[in-house]
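What follows is the residue order along each chain.
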Amino acid sequence: MTKESVLSEYQQRFAEWFGCGTAFAFWKGRVALYAILKAAGVGQADEVILPGYTCVMNVNPIKYLGAKPVYVDIEPRTFNINPGLLAKKITGRTKAIIAQHTYGYTCDMDAVMDIAGRKGLMVIEDCCLALGSRYKGKLAGTFGKASYFSSQWNKPYTTGLGGMALVNHKALSEKVEELVRNEARWPEFAEVIMLWAQLCAYRMLVYPRTTALVQNVFRRLARRGAVLGSSTQQEFQPVMPADFFKRISPMQARSGLRQLKMLDENVANREAMAQLYDKLLGEKGWRVREFDKSVMRPVMVRYPVRVTEKAGALAEAAKAGVELGSWFECPLHPKETPMEIYDYKIGMCPEAEKASAQVVNLPLHPRTNKLTIHRTVEFITRFQQAV
Ligand SMILES: *Cc1c(COP(=O)(O)O)cnc(C)c1O
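Worth saying up front: this structure is predicted, and the values here are computed from it rather than measured.

Thoughts on the state of the cysteines
Going through the model one piece at a time under the given rule, you end up with 0 disulfides. Residue Cys127 stays outside any disulfide, its sulfur separated by 7.6 Å from that of Cys128, the closest cysteine. Take Cys127: its relative accessible area is 1%, and that puts it in the buried class. Of all cysteine sulfurs in the structure, the one in Cys330 sits closest to Cys349, which takes part in no disulfide; the separation is 12 Å.

Some points on the site of the ligand
Every residue lining the ligand is accounted for by Lys28, Gly29, Arg30, Asn58, Gln100, Asp126, Cys128, Leu129, Ser150, Gln152, Lys155 and Gly162. Contact distances for the ligand include 2.7 Å between an oxygen atom and a side-chain N or O atom of Arg30. Contacts to the ligand include Asp126, whose side-chain N or O atom sits 2.7 Å from a nitrogen atom. Coverage of the ligand by the protein amounts to 95% of the 380 Å² it exposes when considered alone. Here the residues of the shell around the ligand are counted per class, giving 2 nonpolar, 6 polar and 4 charged.

Digging into the packing of helix H10 (residues 263-283) against helix H13 (residues 370-380)
When two helices pack together, their arrangement is given by the angle between their axes and by how far apart the axes lie. It is at 10 Å that the axes of H10 and H13 come closest, and there the two elements cross at 35°. Here H10 runs over H13; the crossing is right-handed. Residues Met273, Leu276, Tyr277, Leu280 and Leu281 of H10 form the contact with H13, whose participating residues are Lys370, Ile373, His374, Thr376, Val377 and Ile380. Residues belonging to the contact of H10 with H13 are distributed by class as follows: 8 nonpolar, 2 polar and 1 charged.

Notes on the side chain of Thr102
Of note, Thr102 is situated in the loop between strand E7 (94-100) and helix H5 (109-119). At 3.0 Å, the side chain of Thr102 forms a polar contact with the backbone oxygen of Phe79. Beyond its immediate sequence surroundings of up to four residues, Thr102 is in contact with Tyr53, Thr78, Phe79, Asn80, Leu129 and Phe328.

The rules behind these values
Residues numbered from 1 in each chain as written. Predicted model: local features only at pLDDT ≥ 70, side-chain atom pairs only at ≥ 80, totals over all residues. Heavy atoms only, no water. Disulfide = S-S within 2.5 Å. Buried < 20%, exposed > 50% of the residue type's maximum accessible area, 1.4 Å probe, protein only. Near = heavy atom within 4 Å. Polar contact = N/O pair within 3.5 Å; in protein donor to acceptor, adjacent residues only side chain to side chain. Areas by Shrake-Rupley, 256 points an atom, 1.4 Å probe, with all protein chains shown as cover. Nonpolar A, V, L, I, M, F, W, Y, C, P; charged D, E, K, R; others polar. Axes fitted to C-alpha atoms, helices over the stretch in contact; angles between N-to-C directions. Helix = DSSP H or I, 4+ residues; strand = E, 2+ residues; numbered from the N terminus. Left-handed = near helix turned anticlockwise from the far one by under 90°. Contact = heavy atoms within 4.5 Å.

Next comes the structure, spelled out in C-alpha cells:
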C-alpha cells in the first residue's frame, strides 16, 4: 500500500463511523484546526471565539493566521462555552466560533448553532475530548461546518500523536483538500521512527499505576529533545514553526485504523466506567456529573471533579500511584503559557479560572478497570470536594 492509500483508508473509515463528512488526517489535532481555519479564509484581524478554558495549542493556529482569539467564560457544570455570554462577544470581525466539547460533555449545540446561524458565523467543533459524545442523539462533530479530533496520548484513542479534521461542507472540504495538496508536508522519517518506538513502549508500559512516573520521565526526556513531546518549546509563542503543517504518517494511520475497529467498545467502556464513578462518588456523598440526560449523552475522556486542595491532591496522588490529571491548569493550559501574548487577561473568564484552580480529572482510558476506579474514588474522596 502506498502512503496515500493508507491515509485515505483511515480517513474514509473515520468519516464512515460518523456517517457524514470528509475526513483529513494530520500530524496533530491542532494542525487539523489550522487547516480548517485557513481553508475557511480566517486571516489578519479576524476574530475567532473559543472558551477561556482550553489549551494554548488550540489558540496557536488562530494566532498563526494573524487572527485574534476572543474568550468566552464557561458554564460551571459542563466546562463548556456559556451561550448566555457568547452573543456579547460577537463583533463585525468575528469569523468563527470554536465549540469545544470539554472532557466529553457536549456544548449546548442548539444555542450555539442558533446564535451562529443568526450572525452568519461558522461553527467549528473541537471534539478532541469528545469522540462519540451525542447531543440530542446526534454525534458531536456533525453539527458545525467542520470539527477536529486528536489522537495524542491522552485522547479517546491514541496513535501517539495524531489529528483529524471532519468537514461537513463541500466547498470547505475542497479548500482543505487543496491546502493539503499544496502545502502539507510529510513527517520526517526520524520523527516517525521515534514516535513508533514511543508508541510501542507506551502500549507495553503505561498502566495506571505507573503513569505519573512514566509521564515524568517522558517530560524530562522531551525537554532534552530525546523523545517527541506533544508540544515543543516553540509552540509557547504564537509563531508557526516551519514544519508545523504536516500530514499524519502511515504508521499512525495504521494504528488509527486498528483503534477505529475497537471504537464502539472503547465508547461503551468509557460510558460504563463514568457511570461507575457516578455511583461510587455518589455513595461517598459527592456531587457527581450534572447534565441533562434527555439532551446529552457524553462519552468522557476523563472524569472531572472539583477539590479544594488541588495541589495537595496532585502531590499525594503521585506518591500513591493514583493517576490524577490536572488539565486545565489555567485558562490557556499549561501554566507556562504567557497568557497576555495570547490576548487573555486575568479576570476575563472567572468561572474558567475557578475551574482551573479546582478541577482534577480521573482516568477513564481503555485500561481503566473497576479496581482502578474503586482505588481512585477511595483516594480522591479523602479530600474535600469544592463547589
Ligand atoms: C488535545 C487537545 C487539542 C489539540 O490536540 P493535539 O493533537 O495535541 O494537537 C485541542 N483541543 C482540545 C480540547 C484538546 O484536549
